[in-house]
Amino acid sequence: MSDEHIHQSFETRAIHAGNTADPLTGAVVPPIYQVSTYKQDGVGGLRGGYEYSRSANPTRTALEENLAALEGGRRGLAFASGLAAEDCLLRTVLYPGAHVVIPNDAYGGTFRLFAKVVQRWGADFSVADTSDIESVRAAINERTKLIWVETPSNPLLGITDIAAVADVARTAGAKLVVDNTFASPYLQQPLSLGADVVVHSLTKYMGGHSDVVGGALVTADETLGEELAYHQNAMGAVAGPFDSWIVLRGIKTLAVRMDRHSENATKVAEMLTQHPKVTQVLYPGLPEHPGHEIAAKQMKAFGGMISFRVVGGEEAAVEVCNRAKLFTLGESLGGVESLIEHPGRMTHASVAGSALEVPADLVRLSVGIENVDDLLADLRQALG
């Protein structure tokens, strides 16, 4: 993050960091530099350091500067997807024989990357309950290079004490990676709590409108940032200029959207706790949630994601998803519109039979920013 933005509030940084007026026209929105290559002033005479858009592109640079400012990091990097960002991180830091501790509740695509790709490369992993510090310690060995955390986690909304796990990671000589997708940097800033790297699916709350796919890494350390940038260029899964521009536009309203997501989700969670067809509500904003106190300490609010379990098992959960009307049945999350899904058959099908398998009676909600009374009415009719 540049010194220019270090003392500004989050809302101001979201709008202004990386978003300098166009020097040619004064346009207040950064242009979309839809270009592959750049004219050089003599061999090696680069204008602004730009030579080829895989290596760097001005629109992507604007986004990357914005991301670093929002997370309070030294370097931000934008990728074609969240999994592309994760892949770059893993291939930069790991090597055959290295070991990672991963959570027992994580996005199915992340687990698939570890189980089907990283392991074949010769690195391996152990599963831990990252909400339990002793479980994390027990999973570490002398080859551990990374501890991977999602908080809140996907889809069970588990909460991990980032500062406590950061202490464990430092003692073990490992780096702590926090997937901050569910919270967004508006609600939670893991680098300030001791994490080394933050991962985002920009597709979700950062873009916020279900119209772009992207990913990001933000580092606390400049040296690691440079290593990741080298691999980003060498591997090539970069965010395109138009996608970068779309995410930048979404980020400008991140703060106001997250406030509304959190407000609506709190009311939805409270209603679900009283519904006779619901057996359990998983939302860190509820006082009875086991991670509530930690979430309240490290988050500004509790976000827009809720999972709940229903009477009647898997088929009943599927029927709730099918009966919803205002909640759109679909994968992904974090858009302005509300979504509903069955994790066991949709986003988390890849973890079936593993230590990360999710309950069959689980329904996941991404609570949008619609009128909350309309959302409550839709859920009541879907539950029957």
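Provided above is the structure to which this section pertains.
Residues numbered from 1 in each chain as written. Predicted model: local features only at pLDDT ≥ 70, side-chain atom pairs only at ≥ 80, totals over all residues. Heavy atoms only, no water.

J.: Please set out the side chain of R364 residue by residue, giving values where relevant.
T.: Mapped onto the secondary structure, R364 falls in strand 12 (residues 362–366). Classification of R364 as buried rests on a relative accessible area of 2%. Here N154 takes part through its side chain, which lies 2.9 Å from a polar atom of the side chain of R364. (Helix = DSSP H or I, 4+ residues; strand = E, 2+ residues; numbered from the N terminus. Buried < 20%, exposed > 50% of the residue type's maximum accessible area, 1.4 Å probe, protein only. Polar contact = N/O pair within 3.5 Å; in protein donor to acceptor, adjacent residues only side chain to side chain.)

J.: So what about the nonpolar core? Which residues, and what values?
T.: L176, L272, I306, F308 and L365 are the most contacted members of the largest nonpolar core, which has 81 residues in total. When neighbours within four sequence positions are excluded, L272 is seen to be in contact with V278, V281, I306, F308, L365 and L383. (Core = buried A, V, L, I, M, F, W, Y, C linked by side-chain atoms within 4.5 Å. Contact = heavy atoms within 4.5 Å.)

J.: Just give me the short version of the packing of helix 3 (residues 82–93) against helix 4 (residues 108–121), but keep the residues and values in it.
T.: In the contact formed by helix 3 and helix 4, the axes pass within 11 Å of each other and the chain directions differ by 35°. In this structure, helix 3 crosses over helix 4, and the sense of that crossing is right-handed. Residues L83, E86, D87, L90 and R91 of helix 3 form the contact with helix 4, whose own contacting residues are G109, T110, R112, L113, F114, V118 and W121. In terms of residue class, the contact of helix 3 with helix 4 is made up of six nonpolar, two polar and four charged. (Axes fitted to C-alpha atoms, helices over the stretch in contact; angles between N-to-C directions. Left-handed = near helix turned anticlockwise from the far one by under 90°. Nonpolar A, V, L, I, M, F, W, Y, C, P; charged D, E, K, R; others polar.)

J.: So what about the sheet that holds strand 3 (residues 124–128)? Which residues, and what values?
T.: As summarised here, the arrangement of the seven strands in space is 1-7-6-5-4-2-3, forming an open sheet in which the pairing is mixed. Only two strands of the sheet have a single partner each, and these edge strands are strand 1 (75–79) and strand 3. Going across the sheet, the axis of each strand differs from the next one's by a mean of 20°, ignoring polarity. Where strand 6 (residues 197–201) and strand 7 (residues 215–219) come together, five bridges link them in antiparallel fashion. Paired with V198 across the two strands is V218, which belongs to strand 7. On top of the sheet, helix 2 (residues 58–71) reaches strand 1, strand 6 and strand 7; it is set at about 130° to strand 1, its chief contact. Each of strand 1, strand 5 (175–179), strand 6 and strand 7 is contacted by helix 8 (residues 222–235), which is oriented at about 20° to strand 1, the strand it contacts most. (Pairing = 2+ DSSP bridges.)

J.: Help me get a handle on the side chain of E341, residues and values and all.
T.: Position of E341 relative to the elements: it lies in strand 11 (residues 339–341). Take E341: its relative accessible area is 1%, and that puts it in the buried class. Once residues within four sequence positions are removed from consideration, E341 is found in contact with C321, L329, G330, M346, T347, V363 and R364.

J.: Give me the lowdown on the environment of F308, citing residues and values where you can.
T.: Positionally, F308 belongs in strand 9 (residues 305–310). When its relative accessible area of 0% is taken as the criterion, F308 is described as buried. The contacts of F308, once residues within four sequence positions are left out, are L272, V278, Q280, V281, V320, D361, L362, V363, L365 and L383.

J.: Any chance you could break down the pairing of strand 9 for me, citing the residues and the numbers?
T.: Two faces make up the sheet, and in a regular strand the side chains alternate between them. A large share of strand 9 lies buried, amounting to five of its six residues. As judged from the four bridges shared by strand 8 (residues 278–282) and strand 9, these two strands associate in the antiparallel manner. Among the inter-strand pairings, V281 is bridged to a residue of strand 9, identified as F308. Of the pairings in the sheet, the one linking strand 9 to strand 12 comprises five bridges and is antiparallel in character. Bridged to R309 within strand 12 is L362.

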